[in-house]
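Results of the structural survey
One letter stands for each residue in the lines below.
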Amino acid sequence: MRTICFAIAGLSALLCTTSVYAADLAAQAVEPVPPVVTPYNWSGPYVGLHAGYGWGRENDNQSSLFPGVTTTVAPTTTAVTFSADKFDLSGFVGGAHAGYNYQIDQFVIGVEGDIDYSNLNGSAHANYGGTLRTLKLKTEWQGSARARVGYAFDNILVYATGGLALANAKLSTAGASSSNTHVGWTVGLGAEYAFTQNWIGRLEVRYSDFNKKSYATPDGRVKADWDQTTVTAGISYKF
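Heads up: these notes are all about the structure in this document. (Residues numbered from 1 in each chain as written. Predicted model: local features only at pLDDT ≥ 70, side-chain atom pairs only at ≥ 80, totals over all residues. Heavy atoms only, no water.)

Turning to the nonpolar core, a few remarks are in order. Ranked by internal contacts, the top residues of the largest apolar core, which has 16 residues, are Phe-87, Leu-137, Leu-171 and Trp-226. Sorting the residues of this core by element identifies β4 (86-104), β5 (107-128), β6 (131-153), β7 (156-173), β9 (199-217) and β10 (220-238) as the ones contributing at least two each. Among the elements that make up this core, the one with the highest residue count is β7 (4 residues). For Leu-137, the residues in contact, after removing those within four places along its chain, are Glu-58, Phe-87, Leu-89, Leu-120, Asn-121, Gly-122, Ala-169, Lys-170, Leu-171, Ala-224 and Trp-226. (Core = buried A, V, L, I, M, F, W, Y, C linked by side-chain atoms within 4.5 Å. Buried < 20%, exposed > 50% of the residue type's maximum accessible area, 1.4 Å probe, protein only. Helix = DSSP H or I, 4+ residues; strand = E, 2+ residues; numbered from the N terminus. Contact = heavy atoms within 4.5 Å.)

All right, on to the pairing of strand β8 (residues 176-194) then. Note that β7 and β8 share 18 bridges and pair antiparallel. What sits directly across from Tyr-159, in β8, is Gly-190. Here β7 folds back onto β8 in antiparallel fashion, the turn holding 2 residues, of which Ala-174 has a positive phi close to 55 degrees. One ladder, built from 11 bridges, connects β8 with β9; its direction is antiparallel. Bridged to Leu-189 within β9 is Val-205. Here β8 hands over to β9 after 4 residues, the two strands then running antiparallel side by side. (Pairing = 2+ DSSP bridges.)

A cluster of nonpolar side chains, Leu-49, Phe-153, Ile-156, Val-158, Tyr-193, Phe-195, Trp-199 and Ile-235, forms an exposed patch at the surface whose accessible area comes to about 780 Å². Note on placement: Leu-49 falls in strand β1 (residues 44-60). (Patch = residues over 30% accessible without salt bridge, like charges linked within 9 Å, V, L, I, M, F, W, Y side chains within 5 Å. Areas by Shrake-Rupley, 256 points an atom, 1.4 Å probe, with all protein chains shown as cover. Salt bridge = Lys/Arg side-chain N within 4 Å of Asp/Glu carboxyl O.)

Let us look at the packing of aromatic side chains. Taken as a whole and assessed by the stated rule, the structure comprises 10 aromatic pairs. Note on Phe-107 and Tyr-151: the rings are 5.2 Å apart at their centroids and 80 degrees apart in plane angle, and the pair reads as edge-to-face. With a gap of 44 residues between them, Phe-107 in strand β5 and Tyr-151 in strand β6 connect regions that are remote in the sequence. Taking 5.0 Å as the distance between ring centres and 75 degrees as the angle between the ring planes, the aromatic pair formed by Tyr-193 and Phe-195 counts as edge-to-face. Residue Tyr-193 is classed as partly exposed on the basis of its relative accessible area, which comes to 38%. Members of the aromatic cluster, joined through ring pairs, are Phe-107, Tyr-151 and Phe-153. (Phe/Tyr/Trp six-rings, centres within 6.5 Å; stacked < 30°, edge-to-face > 60°.)

Let's shift gears to the pattern of salt bridges. Opposite charge on two side chains allows them to pair when their charged atoms are near. Within the structure shown, the criterion is met by 12 salt bridges. Measuring nitrogen to oxygen at the nearest pair gives 3.0 Å for the salt bridge that ties Glu-192 to Arg-202. Placement of the pair is Glu-192 in strand β8 and Arg-202 in strand β9, with a sequence separation of 10 residues. Of the two residues examined, Glu-192 and Arg-202, each falls in the buried class.

Turning to the side chain of Arg-202, a few remarks are in order. Classification of Arg-202 as buried rests on a relative accessible area of 7%. In terms of polar contacts, Arg-202 uses its side chain to reach the side chain of Glu-192, at 3.0 Å. For Arg-202, the residues in contact, after removing those within four places along its chain, are Tyr-46, His-97, Glu-112, Arg-148, Tyr-159, Ala-191, Glu-192, Thr-232, Ala-233, Gly-234, Ile-235 and Ser-236. (Polar contact = N/O pair within 3.5 Å; in protein donor to acceptor, adjacent residues only side chain to side chain.)

What follows is the structure, encoded as structure tokens:
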């Protein structure tokens, strides 16, 4: 009988010990493993589309070629001097861009080129030896090849850009027109946001200045140039 009692007591002690040990195991919380977050990498080629608005100022040598004369414009009797030495330009600009970025720590360097359709245009009255004309300049396409330097905040990139600019322009007056390709320079600032690993949105502001070119007109050769500021928004796909 005593042996049976000792056996029951030992079995009870073993069960109690096992229950306490199991409770200790259940009470221990397992710490979750934090997910590995990889910063966005801007390195690689990309292509995209952009569109926006531009404005600027045309400059020419009308007053030196055809000194303004005082004339009367109907229906008023006020004497007015006309000159087209400069006038405002404005219009749509949009096209495609492509480039390559290389990231070093948080710094991003790269190259980019673009080609745009442009509808920047403007006009002004001019006095050609006593004959009133309307002088108009319109640029129909533009392009650039630029370097870019930026700083990345994970999937946000702010950058500066600058380089060579090219643009076509057509100068019209007295029912005739002539065209030229202008060479210039361009600089700007921009910001990009990577929505995914591949899709990137952008906003960019650029200033461009184009050199003076000589245009043949019915009243003689006119030298003209212009500068402009453009604001564009776009989307890019990074490979």
